[in-house]
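Letter by letter, the chains look like this.
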Amino acid sequence: MIDFKNVTKVYDPKIVALKDVNVHIDKGEFVFVLGHSGAGKSTLVRCINVLERPESGRILFHGENLLELKGKALRAQRRKISMIFQSFNLLDQRTALENICFPLELAGVRGKEARRKAAQLLETVGLPDKADAYPVQLSGGQKQRIAIARALASDPEVLLCDEATSALDPQTTESILALLQKINRERGITVILITHQMSVIEQICHRVAILDQGTVAEIGTVEDVFSNPASPAGRRLVS
Ligand code: ADP
């Protein structure tokens, strides 16, 4: 579905953020992007919706090179690739419902229809009673839920999450991850999530099973298995 082909991105002055990157992401995958600060995670993700333009290479979306698209054609593909951020990026002067309506209005959806869809999305993210709340009246987790609802308003195929849980406490992080997993599973939306929080990975891959010659050699939390593999197959995998 998404293919990076020899993608290189260089920022002035000569900072190579991505170097000949080749990545393939399938439809419906939930992919983590991990790495130290400055490793190029944000750049990689921002290239997917062409917020950054690489100097060379191709970024294929359903086989079409996004870097060759312009104007209306590029906007149409971008609508299929939504993004949420650490800082939520909600409009403070708009209520939760109006924030969710915003991308619908930009796409020319009529007011009543936009509000109906936004109300449905409020249900999806578990905040049906917050339609009239302003961002300042919402907690961090609630703001991120509104941002997720807004991101879903354009019926995207891909949801990019740039450190989307990094500003949240562990419990709220867990609930947002559960919501993202639900969206991934139920809507088949491909989720690509940047994080530096190892706890995030432990929560999504809550348990891991190691198979060996058709048997389950070992099963446990990611942390347990990876820090202290009990089986020969587990040790081979993590060594
Ligand atoms: P990460 O998300 O892993 O922290 P980034 O993709 O943000 O990494 O950055 C990769 C490299 O590119 C870093 O060295 C960073 O300083 C640099 N960089 C990122 N954005 C810009 C920019 N707009 N201008 C110049 N350098 C940038």
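Quick note: structure is the one above.
What comes next is a walk through the structure. Because the structure is predicted, anything quoted here is derived from the model rather than measured. (Residues numbered from 1 in each chain as written. Predicted model: local features only at pLDDT ≥ 70, side-chain atom pairs only at ≥ 80, totals over all residues. Heavy atoms only, no water.)

As for the sheet that holds strand β2 (residues 15-25)
Inclusion rule: Strands are treated as partners if at least two bridges between them are detected by DSSP. Under the scheme used here, helices are H or I runs from DSSP no shorter than 4 residues and strands are E runs no shorter than 2 residues, and both carry numbers assigned from the N terminus.
Pairing is antiparallel across the open sheet formed by 4 strands, whose spatial order is β2-β1-β4-β5. Lying at the two open borders of the sheet, with one neighbouring strand each, are β2 and β5 (64-65).

Some details on the site of the ligand
The condition that has to hold: A single heavy atom is enough: if one lies within 4 Å of a molecule or strand, its residue is considered near that molecule or strand. The term polar contact refers here to a pair of N or O atoms within 3.5 Å; inside protein, the definition further demands a hydrogen-donor-capable atom paired with an acceptor-capable atom, and it admits residues adjacent in sequence only when both atoms are side-chain atoms. Computed with the Shrake-Rupley method and a 1.4 Å probe, the accessible areas treat only the protein chains shown as cover for residues. Amino acid classes used here: Ala, Val, Leu, Ile, Met, Phe, Trp, Tyr, Cys and Pro are nonpolar; Asp, Glu, Lys and Arg are charged; the rest, including Gly, are polar.
Taken together, Tyr11, Asp12, Ile15, Ala17, His36, Ser37, Gly38, Ala39, Gly40, Lys41, Ser42 and Thr43 are the residues near the ligand. The contact in question runs from an oxygen atom of the ligand to an N or O atom on the backbone of Ala39, over 3.0 Å. One nitrogen or oxygen atom from the side chain of Lys41 is found 2.9 Å from an oxygen atom belonging to the ligand. Here the ligand, which alone exposes 560 Å², has 62% of that area covered by the protein. Of all the elements in the fold, those that place two or more residues in the shell around the ligand are β2 and α1 (41-48). Counted by class, the shell around the ligand contains 4 nonpolar, 6 polar and 2 charged residues.

Some thoughts on the layout of surface pockets
Which entries qualify depends on this criterion: Only protein atoms enter the 1 Å grid used here, on which a cavity is any set of points holding a 1.4 Å probe that cannot leave and a pocket is any open set flanked by protein within 12 Å on both sides along at least five of seven lines; residues with an atom within 4 Å of a point are listed as lining. Grid points are joined across faces, edges and corners, and a volume is the space filled by probe spheres set on the points.
The computed volume of the largest pocket comes to approximately 650 Å³. As for the largest pocket, its lining consists of 18 residues, of which Arg78, Ile81, Ser82, Pro103 and Leu106 are closest to the centre. Elements with a minimum of two residues in the lining of the largest pocket: α2 (71-78), β6 (81-85), α3 (96-106) and α5 (140-152). At 4 residues, β6 tops the list of elements feeding residues into the lining of the largest pocket. In the lining of the largest pocket, the residues fall into 10 nonpolar, 4 polar and 4 charged.

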